[in-house]
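What follows is each chain in one-letter form.
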Amino acid sequence: MKYFFSLLLFTFVSCLSTDLSPESALKDFIDSRIGKVVERDFVLERVTGKMLQSFENMAEEDFKKFADMQNIKADSFKILSKSCQENKCFVTYSVSYITKSPENKTIFSSEVKKIAELIKIENKWLIADVSNIKTYHESMEPINPLE
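Residues numbered from 1 in each chain as written. Predicted model: local features only at pLDDT ≥ 70, side-chain atom pairs only at ≥ 80, totals over all residues. Heavy atoms only, no water.

**Q** What am I meant to see in the overall build of the protein chain here?
**A** Looking only at helices and strands, the protein chain has five helices and four strands in total. When the helices and strands of the protein chain are placed in sequence order, the string is α-α-α-α-α-β-β-β-β. Residues counted as buried form 31% of the 147 residues belonging to the protein chain. Within the protein chain, contacts between residues at least 6 apart in sequence are counted, and of these 51% link residues at least 24 apart. (Helix = DSSP H or I, 4+ residues; strand = E, 2+ residues; numbered from the N terminus. Buried < 20%, exposed > 50% of the residue type's maximum accessible area, 1.4 Å probe, protein only. Contact = heavy atoms within 4.5 Å.)

Laid out in structure tokens, this is it:
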């Protein structure tokens, strides 16, 4: 009986929304984009504030460039720090990824550090703004400026 209750509790918890914390909302957003192409609705459901306005006003061609991350392969995601109040949180994080060519050859290795502002609206953490701190790209091949 104890095992049945534990299994039931585990199933219930795993079915809950992944956006219960600002960190999980941010990680879910990043993981859901890397290696894929996302729809505008997917992004609009997860952002608010300045980011929401920016995506709503973005031209379709520009959004397609933003949304297409098929050639990106995740390497790591780390939360470096966070500062939270009741309904607002600032999360400093690092994402490492590899950019692949159409032939599946590694072109770049990258690491970016950013600060995300997340706001809790109706028990869901939404991304309000993201600021770059540092970006590092390492080219695996010589860069041809004429291409």
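**Q** How do you make sense of the pattern of salt bridges when you look at a structure like this?
**A** Should their charged atoms come close, side chains of opposite charge can pair. According to the stated counting rule, one finds nine salt bridges in the structure shown. Note that Arg 40 is salt-bridged to Glu 60, the shortest N-O span being 3.1 Å. Of this pair, Arg 40 sits in helix α3 (residues 40-44) while Glu 60 sits in helix α5 (residues 60-67); the two residues are 20 residues apart in sequence, bridging distant segments of the chain. For Glu 60, a relative accessible area of 45% translates into the label partly exposed. Measuring nitrogen to oxygen at the nearest pair gives 2.9 Å for the salt bridge that ties Glu 141 to Lys 105. Here Glu 141 is found in the segment after β4 (124-139), whereas its partner Lys 105 is found in the loop between β2 (88-100) and β3 (106-121), with 36 residues between them in sequence. Given a relative accessible area of 49%, Lys 105 falls into the partly exposed group. (Salt bridge = Lys/Arg side-chain N within 4 Å of Asp/Glu carboxyl O.)

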